[in-house]
Amino acid sequence: MPIRSRITGTGMAVPECVVTNELLSRCMSTSDEWIVQRTGIRERRVSPDTYRMLLRLAEAPDKTAFMRDVQARGLDGNIDSSLTVSDLAVEASRMALKNAGLSPADLDCIVESSTLPDFAYPATGCVTQGKLGLTTTPVFNLAQGCAGFVYGLALADQFIRGGMYKRVLVIGAELLSSAFDYTDAGRDMAILFADGGGAAVLEAHEATGAEPRGLISHHLHSDGSAIDALMGEIWGSSTFPPVSKKKIDDGRPWPRMNGRAVFVHAVRRVREVVQESLDANGLLADDIDLFIFHQANLRIVESMAESFKISESRMHNNIQRYGNTAGASVPICLHEAVMGGRMKEGDLVMLVAFGTGFSWGATLLRW
Ligand code: COA
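Residues numbered from 1 in each chain as written. Predicted model: local features only at pLDDT ≥ 70, side-chain atom pairs only at ≥ 80, totals over all residues. Heavy atoms only, no water.

Help me understand the packing of aromatic side chains in this model?
Two numbers describe a pair of aromatic rings. These are the distance of the centres and the angle of the planes. On inspection of all chains with the given rule, the structure shows seven aromatic pairs. Aromatic side chains phenylalanine 140 and phenylalanine 159 sit 5.0 Å apart centroid to centroid with 45° between the ring planes, which places their arrangement in the tilted category. In this pair, phenylalanine 140 is assigned in strand S5 (residues 139–142) and phenylalanine 159 in helix H7 (residues 148–161), connecting sequence segments 19 residues apart. With a relative accessible area of 30%, phenylalanine 140 lands in the partly exposed category. The rings of Phe140, Phe159 and Tyr165 are connected pair by pair, giving a single aromatic cluster. (Phe/Tyr/Trp six-rings, centres within 6.5 Å; stacked < 30°, edge-to-face > 60°. Helix = DSSP H or I, 4+ residues; strand = E, 2+ residues; numbered from the N terminus. Buried < 20%, exposed > 50% of the residue type's maximum accessible area, 1.4 Å probe, protein only.)

I'm lost on the packing of helix H5 (residues 85–100) against helix H6 (residues 124–131) in this one. Help?
The contact between H5 and H6 brings their axes to 9 Å, and the two run at 55°. Classified by the angle between their axes, H5 and H6 sit oblique to one another. Read as a crossing pair, H5 and H6 show a hand that is right-handed. Facing Val85, Ser86, Asp87, Ala89, Val90 and Arg94 of H5, the residues of H6 in contact are Thr124, Val127, Thr128 and Lys131. Considering only residue class, the contact of H5 with H6 consists of four nonpolar, three polar and three charged. (Axes fitted to C-alpha atoms, helices over the stretch in contact; angles between N-to-C directions. Parallel < 35°, antiparallel > 145°, perpendicular 65-115°, else oblique. Left-handed = near helix turned anticlockwise from the far one by under 90°. Contact = heavy atoms within 4.5 Å. Nonpolar A, V, L, I, M, F, W, Y, C, P; charged D, E, K, R; others polar.)

Would you mind showing me how to read the environment of alanine 226 here?
When you line up the elements, alanine 226 lands in the loop between strand S8 (214–222) and strand S9 (230–231). Considered as a pair, alanine 226 and isoleucine 7 are 219 residues apart in the sequence and their alpha carbons are 33 Å apart.

Could you clarify how one ought to interpret the sheet that holds strand S13 (residues 359–366) in this entry?
Backbone hydrogen bonds hold the strands of a sheet together, and the pairing may be parallel or antiparallel. Strands sit in the order S8-S13-S12-S11 across an open sheet of four strands; the sheet is mixed. The open sheet has two edge strands with one neighbour each: S8 and strand S11 (290–293). Taken pair by pair, the neighbouring strands of this sheet meet at an average axis angle of 10°, ignoring direction. Running over the sheet, H7 touches S8, strand S12 (348–355) and S13 and is turned about 130° from S8. Across the sheet, helix H13 (residues 329–339) is in contact with S11 and S12; its angle to S11 comes to roughly 145°. (Pairing = 2+ DSSP bridges.)

How do you make sense of H5 when you look at a structure like this?
Helical periodicity: at 3.6 residues per turn, an α-helix aligns residues three or four positions apart in one direction. Compared with an ideal rise of 1.5 Å per residue, which puts 16 residues at 22 Å, H5 spans 23 Å between its outermost C-alpha atoms and is within 8% of the ideal. Every buried residue of H5 is listed here: Val85, Ser86, Leu88, Ala89, Val90, Ala92, Ser93, Ala96, Leu97 and Ala100. Against strand S1 (3–13), strand S4 (109–113), H6, strand S6 (167–174) and strand S7 (196–206) lie the buried residues of H5. (Expected span 1.5 Å × (residues − 1).)

I would appreciate a short explanation of the pattern of salt bridges in the present structure.
Side-chain pairs of opposite charge can arise where the charged atoms are in close proximity. Taken as a whole and assessed by the stated rule, the structure comprises 20 salt bridges. Glutamate 272 is the salt-bridge partner of arginine 269, the closest N and O atoms lying 2.9 Å from each other. In this pair, arginine 269 and glutamate 272 both sit in helix H10 (residues 259–280), three residues apart, roughly one turn of the helix. As a salt-bridge pair, aspartate 286 and arginine 314 come within 3.7 Å of each other at their nearest N and O atoms. With aspartate 286 in the loop between H10 and S11 and arginine 314 in the loop between helix H11 (298–308) and helix H12 (319–322), this residue pair connects regions lying 28 residues apart in the sequence. (Salt bridge = Lys/Arg side-chain N within 4 Å of Asp/Glu carboxyl O.)

How should I be thinking about the site of the ligand in this particular structure?
The full set close to the ligand counts 24 residues, and Thr30, Arg38, Gly259, Arg260 and Asn297 are the nearest of them. Between arginine 38 and the ligand, the recorded distance is 2.6 Å, taken from a side-chain N or O atom to an oxygen atom. With respect to the ligand, the side chain of asparagine 297 contributes an N or O atom lying 2.4 Å from an oxygen atom. Protein chains shield 74% of the accessible area of the ligand, which is 950 Å² for the free molecule. Those elements that place two or more of their residues in the shell around the ligand are helix H2 (32–39), helix H8 (187–190), H10 and H11. (Near = heavy atom within 4 Å. Polar contact = N/O pair within 3.5 Å; in protein donor to acceptor, adjacent residues only side chain to side chain. Areas by Shrake-Rupley, 256 points an atom, 1.4 Å probe, with all protein chains shown as cover.)

Here it is as structure tokens:
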């Protein structure tokens, strides 16, 4: 009997602090109308540190000087974060494990993707694993940006189908809000991204019947020729030394994005990979009961809905409430869809993501 991986538990975590478009428009030249029209986002969740900083920035007479001061001295002289990306990963993981009826010790392996890690090293998956109280469980770390969770599912599925592991936890967690310039200079990215974590437990099951439940196929791609379109140099071996006062003075720790180029690539690649997944499985878009697209920008999702004639009832979107949580957005949407009873047994679900790298992919599964 062939082995299939099934998602047996999902979880999510978002910080409590809500940042409205109105608060952002007190920090930079933007407006609720502009943000809603161009992205669909109404509010997002950020770490308590980012939230405190935004409240202060909103009142600062010279925004650029305030952000420079935070870079130089931390917030009120403190540079330690009160919430890290591994904290979000752990919270989402505990929820996923609880919903699967498992405890951390039941896991054979953990796969985590986070764009901005707790530390340059060790990798965040190891930090998460330790916080879950584990000492020998293997950990794979991905840094596949917004496509991280979809890449993680593909990896975990191969481990399970190949018989190496029976229970794998896949995590997409992101804490990006601490690394944006919330003045006019960084407004293109600062309004889009936010913090959150999502996780899913995959378990081995014997495939029974003509249409067995579980993960069906994965279609993954990357294009390293376009790294400049969406990049964060925050630290790394591309500068010597990785962190320097000059780097800060030159503004290079701030991430940068060519929004139009990302938009064009995302629309094209997401469309291609959805079609690739449908073709590989002999399906039409109409056969898919629920699409979960990475919440990059509502306009990108709406463009897909138009191309494939997907009605709102066959998609789950939450960018309005959470913004773009990068690699956490697909598992957060998945968790909400599960909790909201959006899928019934036997439904075909497609998860699709695109992000920095560029990296993109689609996972087809039968719920
Ligand atoms: N508020 C107000 N104006 C803003 C702004 C903001 N937050 N950000 C940019 N602008 C300005 C620009 O400076 C530009 O002004 P100009 O015409 O005087 O130069 C104008 O708005 C239009 O900018 P443009 O980049 O053409 O806008 P856009 O319609 O492409 O929307 C994005 C900008 C970033 C929302 C859009 O390009 C986008 O969503 N791209 C994809 C990004 C994405 O999904 N990234 C994540 C991938 S995982």
